[in-house]
Amino acid sequence: MRAAVVALLAGALLTGCSTGSDAVDVNNGGEFRFVAGTPRGEVIAPEERASAPEFAGTLLGGGEFSSTELDGEVAVLNFWGSWCPPCRVETPEFQEVYADVRDEGVEFLGINVKETSDQFALAFVDKFGIEFPSLYDPRGEVALAFRDYPATAIPSTIVLDREGRVAAVYTAEVSQEDLRATLDLVLAEGA
């Protein structure tokens, strides 16, 4: 029995960072429930959006952060780890988008999860020239705050509208083109 459990766990580790859009969330008190991300390029209709939970934490490199700092802005929350191969592709592309849209009322916040040392995360940010802030969240507490969304798959990206509601959720690597299209749609709302 023990060998079967070890084999099952090893197989799960080999499947990669992301669990996909048909993930089952087991991090909410042991209760199983189905969670799904939005398809590429799809934005949740405003009348169907729910408010994002409030969260706070310590930024990589020091300083405190509260989600209230995002109030009134469109925000991109990206859950990443330096150990995650898709994150090495996605994060530099997010930096390019951030450089283009930061003056348009769009905030980016990385949430570094499951990292054994903040030094790995800081080296990653430095290597790729990432200018937007990241929370250091090795225990994944912010992802757990988003229990109604599949933020425990890495990488995951959540786009918030100006009212702090979840406008889109991605549970895999997001292309620069898709992120730009989603931001264009959300920025156009109420403009």
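Residues numbered from 1 in each chain as written. Predicted model: local features only at pLDDT ≥ 70, side-chain atom pairs only at ≥ 80, totals over all residues. Heavy atoms only, no water.

K.L.:
Before we move on, could you go through the overall build of the protein and cite the residues and values that matter?
P.N.:
When its secondary structure is counted, the protein shows five helices and nine strands. In sequence order, the protein lays out its α and β elements as α-β-β-β-β-β-α-β-α-β-α-β-β-α. Counting over 191 residues, the protein shows a buried share of 43%. About 9700 Å² of surface is accessible on the protein, with carbon and sulfur atoms providing 54% of the total. (Helix = DSSP H or I, 4+ residues; strand = E, 2+ residues; numbered from the N terminus. Buried < 20%, exposed > 50% of the residue type's maximum accessible area, 1.4 Å probe, protein only. Areas by Shrake-Rupley, 256 points an atom, 1.4 Å probe, with all protein chains shown as cover.)

K.L.:
Describe in detail the confidence of the model for the protein, supporting the description with residues and values.
P.N.:
For the protein, the average pLDDT comes to 80, and 76% of its residues sit at 70 or higher. For the stretch residues 1-37, pLDDT sits under 50, and the model shows 42 contacts to residues farther than four places along the chain or on other chains. (pLDDT = per-residue confidence, 0-100. Contact = heavy atoms within 4.5 Å.)

K.L.:
How would you summarise the packing of aromatic side chains if you had to cite specific residues and measurements?
P.N.:
As enumerated under the stated definition, the model contains nine aromatic pairs in all. In textbook terms, an aromatic cluster arises when at least three aromatic residues are bridged by ring pairs, as seen for F55, F65, F79 and F146. (Phe/Tyr/Trp six-rings, centres within 6.5 Å; stacked < 30°, edge-to-face > 60°.)

K.L.:
Mind laying out the environment of R49, listing which residues take part and the relevant values?
P.N.:
By the element assignment, R49 lies in the loop between β2 (31-34) and β3 (56-58). Ignoring any residue separated from it by four or fewer positions in sequence, one finds R49 in contact with V43, I44, D161, R165, V166, A167 and E189. Within the structure, R49 has its side chain in polar contact with the backbone oxygen of I44 (distance 2.8 Å). (Polar contact = N/O pair within 3.5 Å; in protein donor to acceptor, adjacent residues only side chain to side chain.)

K.L.:
Describe the sheet that holds strand β6 (residues 106-113), listing the residues and the values that go with them.
P.N.:
Each strand in a sheet pairs with its neighbour through backbone hydrogen bonds, running either in the same direction (parallel) or in the opposite one (antiparallel). With respect to topology, five strands assemble into an open sheet ordered β7-β6-β5-β8-β9, the strand pairing being mixed. Here the strands that pair on one side only, and so sit at the sheet edges, are β7 (134-137) and β9 (166-170). Strand-to-strand, the axes of this sheet are offset by a mean angle of 15°, without reference to chain direction. Lying on the sheet, helix α2 (residues 85-101) is in contact with β5 (74-80), β6 and β8 (156-160); it crosses β5 at an angle near 160°. (Pairing = 2+ DSSP bridges. Axes fitted to C-alpha atoms, helices over the stretch in contact; angles between N-to-C directions.)

K.L.:
Now, about unusual backbone geometry: what can you tell me, with residues and values included?
P.N.:
With a phi close to 55°, K114 is a non-glycine residue in the positive phi region. On the secondary structure map, K114 appears in the loop between β6 and α3 (118-128). Assessed through its relative accessible area of 51%, K114 is described here as exposed.

K.L.:
How would you sum up the nonpolar core? Please name residues and give values.
P.N.:
Residues L77, F79, F108 and L183 are the most contacted members of the largest nonpolar core, which totals 49 residues. Contributions of two or more residues to this core are made by β5, α2, β6, α3, α4 (141-145), β8, β9 and α5 (176-188). The biggest single contributor to this core is β5, with six residues. Discounting residues that sit within four places of it in the chain, L183 has contacts with V74, V76, V97, V101, V106, F108 and V159. (Core = buried A, V, L, I, M, F, W, Y, C linked by side-chain atoms within 4.5 Å.)

K.L.:
Lay out the pairing of β6 in plain terms, naming residues and giving numbers.
P.N.:
Strand residues, when the strand is regular, have side chains that alternate between the two faces of the sheet. Of all the eight residues making up β6, seven are buried; the element is thus mostly covered by neighbouring parts of the structure. Relative to β6, β5 is paired through seven bridges, and the arrangement is parallel. Note that in β6 the partner of L77 across the bridge is L109. This β-α-β element, β5 to α2 to β6, shows right-handed connectivity. Bridge analysis of β6 against β7 gives four bridges, and the strand direction is parallel. Paired with N112 across the two strands is Y136, which belongs to β7. Traced from β6 through α3 to β7, the parallel crossover comes out right-handed. (Right-handed = clockwise from strand over helix to strand, strands pointing away.)

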